[in-house]
Amino acid sequence: MNKFCSSSRMSRRKSALRLTCLIVAVFGVLTMTGSCAMGPLQKQTAGITKGPVLLAVYKDRAALMWETGIEGPCKLYYGGDRKLDRYVESVPETNQAGEEAVKKAVFIHKVWLEDLQAGRTYDYRITGLGFEDKIYTFRTVPASADRVSFIVYGDSRTRPSVHRRLVKQMKKHKVDFVVNCGDLVTKGNKYEQWGPQFFEPLKGLAETVPVYIAKGNHEGDNGNFEKLLMPKGQSNNFGFDYGPVHYFCADNVTEGLKDEVQLELILADARASDAKWKFVSYHVPSVNSGGHWSTWGYPDVLEGLAGAGVDFVLAGHSHIYERFRPVAPPDGTGGNYVTYITSGGGGALMHSIKPDAYHAVTKKKHHFCLFNIDGNKLTMDTIGIDGRLIDHLELTKTAGRLNREYLRTAIPMEEMLAFQRKNLERQD
Ligand SMILES: [Fe+2]
Ligand SMILES: [Fe+2]
């Protein structure tokens, strides 16, 4: 519930906060019994233990999460013009999954900040029992914009030092959002992996820029991914808009989801958007040469995405960088030329690539893809962990059609279907 605070309430809050800080300073780490939902004699650590992370930012609302080591509500104060004059109170969900939670209590907080204004900068600060966090800033999506910058990467699991170095490179670029194509941790059911492999490397970025995620198979079906990283009330399939871009993230890994149903969700979302540029991310790629040799959605996916007007599909799963030449729509259908990219170089050990004539660029190197779009002009720079350029792509659209030089490099859809068919036998 959002509330406006009076100044007297603010000063009462400060006094209460000072008192609780004192208590925590005296006792250090609290040990609580009885009322704790985690059971008796579990250690609770003061302050924020994961995050904060911006899970979503729209024109008029934003979703955040963080984790605390102490049971009890937190308040997130926020506002424009450097005034933290509104707050939302959060009551945490106790996490009982994973080994870490058995040893030590953890409490996951998730909130939506409502009634925000488009294109505006907001500050926020989280306070709770015994702590007051730093002030962070984020910006809501503008009401209308021609320009947007964003980063896409994936498979950042297992080697936090590599992930951290990559995030350091990312921070050199001012972007509006980040998309991670999944595989965030080695084993999603091991709760203790989420801190070092995902939350800690993203510190200094995820507090101020939203990180959208297409769930990977390593997250698993244990519920930790959804509990930690899906905003309240949102499914693992979601779309968002930013200026000329519509982006849809889909879950193609959760057990029991039918590929044809997931594909139909993706297509329906793309068909419903009239954005200039339409992007889709899902974890397991549809076109892939090397790594897992994935062919997700075969045989309908290629024709479906072309017909729905999608421009780019970025996936992960195979730990390589590969950009395919655009895939042409079936003759006479007037659909889109779709560019398929596998960006699985976020931290995990790299796989082998099988360079193919259908590739535009391949590289076995940790990397991320940086997109800059200004109206009809799109630039993509794929940047390696050393900051060096791996790939550079420039496209323009005129009346909804990509530049002719690019289309001349296209692969006929029949050939790409044959390529997928061949790879069906090779994949693991
Ligand atoms: Fe994967
Ligand atoms: Fe992976």
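See the structure above.
Calculation notes
Residues numbered from 1 in each chain as written. Chains lettered and ligands numbered in written order. Predicted model: local features only at pLDDT ≥ 70, side-chain atom pairs only at ≥ 80, totals over all residues. Heavy atoms only, no water. Donors = N, O, S within 2.8 Å, 3.2 Å for Na, K, Ca; no water. Helix = DSSP H or I, 4+ residues; strand = E, 2+ residues; numbered from the N terminus. Buried < 20%, exposed > 50% of the residue type's maximum accessible area, 1.4 Å probe, protein only. Phe/Tyr/Trp six-rings, centres within 6.5 Å; stacked < 30°, edge-to-face > 60°. Tetrahedral: all angles 85-135°; square planar, octahedral: opposite > 155°, others 65-115°. 1 Å grid on protein atoms, 1.4 Å probe; cavity = no way out; pocket = protein on both sides within 12 Å on 5 of 7 lines; lining within 4 Å. Points joined across faces, edges and corners; volume = space filled by probe spheres on them.

### What about the coordination of the iron ion (ligand 2)?
Reasoning step 1: Listed as protein donors to the iron ion (ligand 2) are Asp155 (OD), Asp183 (OD) and His319 (NE2); their distances from the metal cover 2.1 to 2.2 Å.
Reasoning step 2: In this structure the iron ion (ligand 1) is found 3.3 Å away from the iron ion (ligand 2), and aspartate 183 serves as a bridging donor for the pair. You can see aspartate 183 sitting in the loop between β13 (177-180) and α4 (194-199) and its partner histidine 319 sitting in the loop between β18 (312-315) and β19 (321-324), a full 136 residues away along the chain. A single burial state applies to aspartate 183 and to histidine 319, both of which are buried.

### Digging into the packing of aromatic side chains
Reasoning step 1: Here the structure, examined in full by the defined rule, presents 24 aromatic pairs.
Reasoning step 2: Aromatic pair phenylalanine 150 and tyrosine 247: ring centres 5.8 Å apart, planes at 85°, arrangement edge-to-face. You can see phenylalanine 150 sitting in strand β12 (residues 147-153) and its partner tyrosine 247 sitting in strand β16 (residues 245-249), a full 97 residues away along the chain. Note on accessibility: phenylalanine 150 and tyrosine 247 belong to one class, buried.
Reasoning step 3: Consider the rings of tyrosine 212 and phenylalanine 240, whose centres lie 3.8 Å apart with planes at 15°: the pair is stacked. In this pair, tyrosine 212 sits in strand β14 (residues 211-213) while phenylalanine 240 sits in strand β15 (residues 238-242), placing the two residues 28 residues apart along the sequence.

### Things to note about the coordination of the iron ion (ligand 1)
Reasoning step 1: Within the protein, the iron ion (ligand 1) binds to Asp183 (OD), Asn217 (OD1), His283 (NE2) and His317 (ND1); these donor distances fall in the range 2.1 to 2.2 Å.
Reasoning step 2: The coordination sphere of the iron ion (ligand 1) comprises 4 donor atoms, whose angles at the metal cover 87 to 154°; the geometry is irregular.
Reasoning step 3: Here the donor residues of the iron ion (ligand 1) share one chain and are spaced in sequence as D-x33-N-x65-H-x33-H.

### Looking at empty space enclosed by the protein
Reasoning step 1: Scanning all chains against the criterion turns up 2 cavities of 30 Å³ or more.
Reasoning step 2: Roughly 40 Å³ of volume is contained in the largest cavity.
Reasoning step 3: Put simply, the second largest cavity is a space of about 30 Å³.
Reasoning step 4: Taken together, His246, Phe248, Ile266, Asp269, Ala270, Lys278, Phe279, Val280 and Val310 make up the full set of residues lining the second largest cavity.
Reasoning step 5: Looking at the lining of the second largest cavity, the elements that each hand over two or more residues are β16, α6 (259-271) and β17 (277-281).

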